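Now for the letters of each chain:
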Amino acid sequence: MFSVIRSLKSSSLQQVARNYATKTIFVGNLSNFTTPEELETTFSQYGTVTNVRRPNARYGFVEMEEEEALEAVKNLDGFVHSDREWSVKISTGASKPNTSSWSGKSQ
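Residues numbered from 1 in each chain as written. Predicted model: local features only at pLDDT ≥ 70, side-chain atom pairs only at ≥ 80, totals over all residues. Heavy atoms only, no water.

Trainee: Is there a simple way to think about the packing of aromatic side chains in this case?
Mentor: The geometry of an aromatic ring pair is captured by two quantities: the separation of the ring centres and the angle between the planes. Following the criterion strictly, the structure yields five aromatic pairs and no others. Between F43 and W86, the aromatic rings sit 6.3 Å apart at their centres with planes inclined by 10°, giving stacked as the arrangement. Here F43, found in helix α3 (residues 36–43), pairs with W86, found in the loop between β5 (84–85) and β6 (87–90); they are 43 residues apart in sequence, far enough to count as distant. When sorted by exposure, F43 lands in the same class as W86, which is buried. The rings of F26, Y59 and F61 are connected pair by pair, giving a single aromatic cluster. (Phe/Tyr/Trp six-rings, centres within 6.5 Å; stacked < 30°, edge-to-face > 60°. Helix = DSSP H or I, 4+ residues; strand = E, 2+ residues; numbered from the N terminus. Buried < 20%, exposed > 50% of the residue type's maximum accessible area, 1.4 Å probe, protein only.)

Here it is in structure tokens:
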């Protein structure tokens, strides 16, 4: 692995390091009408937004560099947009628990 790192140009190495220093921010309690562009505009007040995803009508994810992400979370948790108070947290990457009672076994 070290040989791979040594073979990278310094600019490439900086890009790799920057990718690892990004944080994904969970944004919950969104209005159905909140667009990814509005999320990007709101979060870009605190730094460079590298990605916005809106997999569900009620929540989304914003990716930023680590320090900027922490500042955005500090300032935007509780932000009200379209009469909805946002829940803004650093994403833990945890998936939803399986609440299904189906066991896959025939009875």
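Trainee: I keep staring at the pairing of strand β2 (residues 49–53) and nothing clicks. Help me out?
Mentor: Along a regular strand, successive side chains alternate from one face of the sheet to the other. Taken together, the four bridges between β2 and strand β3 (residues 59–65) define a ladder with antiparallel strand orientation. Its bridge partner being in β3, V52 is matched across the sheet by V62. Turn length for the β2-β3 hairpin, with the two strands adjacent in sequence and antiparallel, is five residues. (Pairing = 2+ DSSP bridges.)

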